[in-house]
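Fold and contact review
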Amino acid sequence: MVDAVRSAPWGWRALFVAVVLATLVVRLLPLGRAAGGWPAPDLVLCLTCAWVLRRPDYVPALLIAAMVLLEDLLLMRPPGLWTAFVLLGSEFLRDRASFSRELTFMAEWMMVAVVMLAMLAGYRLATALAFLPQQGLGMALAQVAGSILAYPVVVGASRLLFGLRKPATGEVDAYGRRL
Amino acid sequence: MARDRSAQQNFGRPVRRILVGLLVFLLVALFLLWRIDSPRVERLRVALVDRFVPGMDWAMRPVTRMVGMVEHFQSYARVYEQNQELRRELQQMKAWREAALQLEQENAKLLGLTQVRLDPRLTHVTGVVLADSGSPFRQSVLLNVGERDGIRDGWATMDGLGLVGRISGVGRTTSRVILLTDANSRVPVSIQPSGQRAILAGDNTPLPPLEFLEKADLVRPGDRVVSSGDGGVFPADLLVGQVVQGPDRRLRVIPAADYQRLEFLRVLRSHEAEPITDTGGLIAPPGGIAPPPDAAVDGSGGGSDG
């Protein structure tokens, strides 16, 4: 029965929503972190990249946009801007999902790191163009570095906890179609 | 079968790309709308937070409690040192208590002599902290009191001891407090023995710096910092903290409020002072005379100057 749920994309989509909501709740906990501490890695970004490269059909663009927009609104970020960049980055990776099946994990990691850095650069450029106050460059870079380092952990956790992996060559889905 | 699907994909790809492009366009449009007409979108955001965060409270409260318990348990490990420290502090506090009692009596006498009437309208509403900002670049907390409890934008918020921040964004049942350490926070303060005025400008570090200080050599580390009430932002004389000198020789403030454990916060109801718009109306004989007919015109011009 678990297999039936897992093979249906809707179960995975619900799982994605649940994981994103869980990270949101953890970040909103009123634990009184002092200002100026190290920023935590952006786990939602890691999760999106990891899932898009493994099974693009589990994370449709609309779902990604809805989740990140919710995050934007709850975390007091400019609404929509970071969502747009996450969407563009995830679409870029989605186009290379089949290509990445032939890559080693190292190469995939490098690709994701470059995409994350490009997203940060674009975001900072856009906020500068809109004359918004910039967050400190050091802090922002530290957050992206944390996200890049957290990426293998997220991939491993998705593999171990949820059993998410790249489809093998010639694997078929529940309807017998090739993946 | 497989060929059918790939053909369908090839056909669907440009359409998909257009739809994603449309989605990106909508998101950027939302961002631009926020940039142009911020209050409207911010109200939407406040309404969303108002719906969403109190609903998550059932999940957040046990976790918060558990983390608190773990932290308390860790502090048991050094209970002996803490005990010693507390005893030392208690000794100092006893001395202070004596001083405070004496000062209180003296103050009461002086107030009686001068027949000062304190503002009785400075009351407060107490709220519980529901959630953090959740982002390392923002310093704010969410309270469980809102419009329903009469909270309004701009009111000062304190914990038991010192100023914590100001209300910015009020929903029906929640309100957001921008902390003094947030990069957007600017509070006019005065530094106690010398009476110097300055602006406490948050910069996302635990110790916000003092800016626009006229004579920095009159200010010493250890001086008390209180809100000055300039600009009508806050009531005057709320304790903010103590001056310290950072390693970069800038003067900074240690907040008196305990930012590590913000749990219950007081929102001070402050009523806006009556604006003085008319210079001529101030000086009048006791009987009162009718204001000159062009007072209204003068008033609208003078208000923006003063």
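Residues numbered from 1 in each chain as written. Chains lettered and ligands numbered in written order. Predicted model: local features only at pLDDT ≥ 70, side-chain atom pairs only at ≥ 80, totals over all residues.

Quick look at the overall build of chain A now. Broken down by element type, chain A carries 8 helices and 0 strands. Listed by position from the N terminus, the elements making up chain A come as α-α-α-α-α-α-α-α. The burial tally for chain A puts 34% of its 179 residues in the buried class. In chain A, once contacts between residues fewer than 6 apart in sequence are set aside, the share between residues at least 24 apart is 71%. (Helix = DSSP H or I, 4+ residues; strand = E, 2+ residues; numbered from the N terminus. Buried ≥ 20, exposed ≤ 12 C-beta atoms within 10 Å, placed from the backbone. Contact = placed C-beta atoms within 7 Å.)

Time to look at the overall build of chain B. Counting its secondary structure elements, chain B contains 4 helices and 12 strands. Within chain B, buried positions represent 26% of all 306 residues. Pairs at least 24 residues apart make up 55% of the contacts formed inside chain B by residues separated by at least 6 positions.

The next subject is the sheet that holds strand β4 (residues 163–170) of chain B. Residue and element names in this part refer to chain B. Reading around the barrel, the 6 strands line up as β1-β2-β5-β4-β3-β12 and close back on themselves, with antiparallel pairing between neighbours. The average angle at which neighbouring strand axes cross in this sheet is 45°, direction not considered. Pairing geometry for β4 and strand β5 (residues 175–179), over 4 bridges, is antiparallel. From the neighbouring strand, I167 faces β5, where its bridge partner is V177. Sitting on the sheet, helix α2 (residues 38–76) touches β1 (124–132), β2 (140–143) and β4, and the angle it makes with β1 is about 80°. (Pairing = 2+ DSSP bridges. Axes fitted to C-alpha atoms, helices over the stretch in contact; angles between N-to-C directions.)

Every contact between the two is made by 38 residues of chain A and, on the other side, 46 residues of chain B. Of all the elements in the fold, those that place two or more residues in the side of chain A that touches chain B are α2 (9–28), α4 (61–74), α5 (81–95) and α8 (137–162) of chain A.

Residues annotated in UniProt with the feature "transmembrane region" (unreviewed entry) correspond here to residues 18–36 of chain B. Segment residues 18–36 of chain B splits into 100% helix and 0% strand. End C-alpha atoms: 26 Å apart. (UniProt positions renumbered as here; feature names shortened; annotations may be inferred.)

On to the UniProt feature "domain: Rod shape-determining protein MreC beta-barrel core" (unreviewed entry) in chain B. When the UniProt feature table is mapped onto this chain, "domain: Rod shape-determining protein MreC beta-barrel core" (unreviewed entry) is found at residues 129–268 of chain B. Span residues 129–268 of chain B is 0% helix and 42% strand, its end C-alpha atoms 16 Å apart.

Further remarks concern the nonpolar core. By size, the foremost hydrophobic cluster in this structure holds 84 residues, and its most contacted members are A:C49, A:A50 and B:V164. It is helix α3 (residues 43–54) of chain A that provides the largest number of residues to this core, a total of 10 residues. Ignoring any residue separated from it by four or fewer positions in sequence, one finds A:A50 in contact with A:Y151, A:V154, A:V155 and A:S158. (Core = buried A, V, L, I, M, F, W, Y, C linked by C-beta atoms within 7 Å.)

Quick reminder: α-helices carry 3.6 residues per turn. Residues three or four places apart thus point the same way. Residue and element names in this part refer to chain A. Its 14 residues place the ends of α4 20 Å apart at the C-alpha level, agreeing with the 20 Å of an ideal helix rising 1.5 Å per residue. Taken together, the buried positions of α4 are I64, A65, M67, V68, L69, E71, D72, L73 and L74. A positive phi of about 60° marks M76, the residue just after α4. (Expected span 1.5 Å × (residues − 1).)

With that settled, the discussion passes to the pairing of strand β7 (residues 196–201) of chain B. Regular strands place side chains that alternate from one sheet face to the opposite one. Residue and element names in this part refer to chain B. Both strand β6 (residues 186–191) and β7 contribute to a ladder of 6 bridges, which runs antiparallel. Among the inter-strand pairings, S190 is bridged to a residue of β7, identified as R197. From the end of β6 to the start of β7, which pair antiparallel, there are 4 residues, and G195 there has a positive phi angle of about 70°. Relative to strand β8 (residues 210–211), β7 runs antiparallel, the two being bridged by 2 bridges. What sits directly across from L200, in β8, is L210.

Moving on to the sheet that holds strand β9 (residues 224–227) of chain B. Note on sheets: strands pair through backbone hydrogen bonds, and any given pair is parallel or antiparallel. Read across the sheet, 6 strands follow the order β8-β7-β6-β9-β10-β11 (chain B) without closing on themselves; strand pairing throughout is antiparallel. Looking at strand neighbours, the two that pair on one side only are β8 and β11 (251–255) of chain B, the edges of this open sheet.

When two helices pack together, their arrangement is given by the angle between their axes and by how far apart the axes lie. All names here are of chain A. Packing of α4 against α5 brings their axes to within 9 Å, and their N-to-C directions diverge by 150°. On the basis of their axis angle, the class for α4 and α5 is roughly antiparallel. Where α4 crosses over α5, the two elements pack in a sense that is right-handed. In contact with A61, I64, A65, V68, L69 and D72 of α4, α5 contributes W82, T83, V86, L87, S90 and E91. (Parallel < 35°, antiparallel > 145°, perpendicular 65-115°, else oblique. Left-handed = near helix turned anticlockwise from the far one by under 90°.)

Residues and elements named next belong to chain B. Within β11, 4 of the 5 residues are buried, which leaves the element mostly enclosed by the surrounding structure. In this structure, strand β10 (residues 239–245) lies alongside β11, joined through 5 bridges in antiparallel fashion. Opposite Q242, over in β11, you have I254 as the bridge partner. Count of turn residues in the β10/β11 antiparallel hairpin: 5 residues, of which R249 carries a positive phi of about 65°.

A separate point is α2(A). Between its terminal C-alpha atoms α2(A) stretches 29 Å, which fits the 28 Å expected from 20 residues at 1.5 Å a residue. Among the structural elements, α3 and α4 of chain A together with α2 and β1 of chain B are those in contact with the buried residues of α2(A).

Right, let's get into the UniProt feature "transmembrane region" (unreviewed entry) in chain A. Residue and element names in this part refer to chain A. Mapped onto this numbering, the UniProt entry annotates "transmembrane region" (unreviewed entry) at residues 109–131 and 137–157. Secondary structure across residues 109–131 divides into 91% helix and 0% strand, with the first and last C-alpha atoms of the span separated by 33 Å. Annotated as 100% helix and 0% strand, the span residues 137–157 places its first and last C-alpha atoms 30 Å apart.

Residue and element names in this part refer to chain B. The predicted model of chain B has a mean per-residue pLDDT of 82, with 82% of residues at 70 or higher. At the level of individual helices and strands, chain B shows its lowest average pLDDT in helix α4 (residues 295–305), which scores 43, and its highest in β5, which scores 93. Low pLDDT, under 50, characterises residues 1–8; the stretch is placed with 5 contacts to residues that sit more than four places away or in other chains. Note that residues 295–306 has pLDDT below 50 and, in this model, 13 contacts with residues that lie over four places away or in other chains. The complex model carries a pTM of 0.76, and its ipTM stands at 0.87. (pLDDT = per-residue confidence, 0-100.)

Further remarks concern unusual backbone geometry. In this structure, A:M76 takes a positive phi of about 60° despite not being glycine. Residue placement: A:M76 occurs in the loop between α4 and α5. In this structure A:M76 comes out as buried when scored by C-beta crowding, with 22 C-beta atoms within 10 Å. The backbone of B:N204 shows a phi angle near 65°, a positive value even though the residue is not glycine. Tracing the backbone shows B:N204 in the loop between β7 and β8. Judged by the 20 C-beta atoms lying within 10 Å of it, B:N204 is buried.

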